[in-house]
Amino acid sequence: MNFEDIKNICVVGAGNMGHQIALQAAICGYKVKCFDVNQETLKKADAFVDSYLPGRVEKGRLTTEQAQAARGNIQFVDSLESAAGDADFVIEAATEVLSLKRKIFADLDRIAPKHAILATNSSAIVSSKIADATQRQDKVLNMHFFNPALVMKLVEVVKGPHVSDESADLTMELCRVFQKVPVLLKKEVDGFLLNRIFAAISREASWLLEMGVAEVEDIDNACVYGAGHPMGPFRLNDLTGLDLSYIMRMEKFRETGNPADLPNPRLVEHYMKGEYGEKTGKGWYDYSGKK
Ligand code: NAD
């Protein structure tokens, strides 16, 4: 496939990440269909587009014509067949569960045109664990956006051993057209680049909290005002979702059996109470009453 042949994009999952990746692609001129199994999520995502685009026009970031074009480019749909049937490039951003992703990729392999590249936005699952659910392993790779996907510039593209040079090159180029800065990982590695670095910080922050050395806000403040980070590890975790952290730690523990990989008790406590961070109004911080 030539780069110019990429015209239709399918995004699977309209949650936290999916709807923003889809909108970024639509703003950058692609025809995008975003699919989710949850009707409420689809409605919410559609309403977000309606509120976001006028805001960008007001701020002078988009012209009225560009905003109208982006609105016309994006559709939220409740059928995978209609979302992926004519896709040249698919970005999967569904819930972080390996068995679910393998099922989605098997379905995508059946539905999407043979030339389509199938990328996963997974935070932790390398594409070699998914690729063999398809008959096009050379076209299955990681394309890891950061949250919020409309804002964050970095995208990690991971070229596993099964991935062709062509698929990696096309994905890197697509990231650039999406106005992102892609980095290429030449090997599959647990946690990719930035999350490995963050994991080290977050492990240390959890330990300091657990040992009673300092409270959440003070640990965050140390990172922000001492190291110049835009936000501390706990505030960032509220943004990315405590549910995602919990699921990832549990997956890791299942894999390794190492108790050190278990989520820390304070995280488990929040998870069990359904306190997932900003999206539920409470996580490490309380957002009730805040817009
Ligand atoms: P989310 O829970 O906000 O959204 C996941 C969506 O997937 C939900 O709307 C759910 O209804 C949908 N879904 C579940 N099964 C589906 C199916 N069979 N078909 C289509 N949709 C389905 O989660 P999220 O935070 O957007 O994470 C999505 C993916 O992006 C995960 O793989 C995660 O690891 C990755 N990711 C997340 C972040 C982050 O900060 N949240 C950052 C980078 C990557």
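Only a predicted model underlies this, so the values are computations on that prediction, with no experimental measurement involved. (Residues numbered from 1 in each chain as written. Predicted model: local features only at pLDDT ≥ 70, side-chain atom pairs only at ≥ 80, totals over all residues. Heavy atoms only, no water.)

Asks: Just to check I follow, could you spell out the side chain of E275 for this structure?
Replies: Positionally, E275 belongs in the segment after helix 11 (265-272). Classification of E275 as buried rests on a relative accessible area of 12%. At a separation of 2.7 Å, a polar atom in the side chain of E275 contacts the side chain of H270. With residues up to four places along the chain from it excluded, the contact list for E275 reads L242, H270, T280, K282 and G283. (Helix = DSSP H or I, 4+ residues; strand = E, 2+ residues; numbered from the N terminus. Buried < 20%, exposed > 50% of the residue type's maximum accessible area, 1.4 Å probe, protein only. Polar contact = N/O pair within 3.5 Å; in protein donor to acceptor, adjacent residues only side chain to side chain. Contact = heavy atoms within 4.5 Å.)

Asks: Help me understand the packing of aromatic side chains in this model?
Replies: By the definition in use, this model includes 6 aromatic pairs. Ring plane angle 35 degrees and centroid distance 6.4 Å describe the contact between F145 and F178, whose orientation is recorded as tilted. Of this pair, F145 sits in strand 6 (residues 140-145) while F178 sits in the loop between helix 6 (165-177) and strand 8 (181-185), and the two are 33 residues apart along the sequence. Considering the side-chain rings of Y271 and Y276, the 5.5 Å spacing of their centres and the 25 degrees angle between planes classify their relative orientation as stacked. Aromatic rings pair up to connect Y30, F145 and F178 into one cluster. (Phe/Tyr/Trp six-rings, centres within 6.5 Å; stacked < 30°, edge-to-face > 60°.)

Asks: So what exactly am I meant to see when it comes to the nonpolar core here?
Replies: Burial of nonpolar side chains together is a common tendency in soluble globular proteins. Residues I9, M143 and F178 are the most contacted members of the largest nonpolar core, which totals 43 residues. Setting aside residues up to four positions removed in sequence, I9 forms contacts with Y30, K31, V32, K33, F89, I91, L174 and F178. Judged by nonpolar contacts, the second largest core, of 20 residues, contains F35, A83, A84 and L118. (Core = buried A, V, L, I, M, F, W, Y, C linked by side-chain atoms within 4.5 Å.)

Asks: Hey, could you run me through the domain arrangement of the protein in this one?
Replies: Accessible area lost on assembly of the parts is the figure often given for the size of an interface. Split into domains, the protein comes out as domain 1 (3-185) and domain 2 (194-280). Here the C-alpha centroids of domain 1 and domain 2 sit 27 Å apart. Taken together, the contacts link 13 residues of domain 1 with 10 residues of domain 2. Summed over both sides, the interface of domain 1 with domain 2 buries roughly 850 Å², with 56% coming from carbon and sulfur. Note that E255 is salt-bridged to K129, the shortest N-O span being 3.2 Å. Along the contact surface separating domain 1 from domain 2 lie 3 residue pairs in polar contact (both at pLDDT 80 or more). For the side of domain 1 that touches domain 2, a count of residues per class yields 6 nonpolar, 4 polar and 3 charged. (Domains from an automatic or database assignment. Buried area = accessible area lost by both parts, 1.4 Å probe. Salt bridge = Lys/Arg side-chain N within 4 Å of Asp/Glu carboxyl O. Nonpolar A, V, L, I, M, F, W, Y, C, P; charged D, E, K, R; others polar.)

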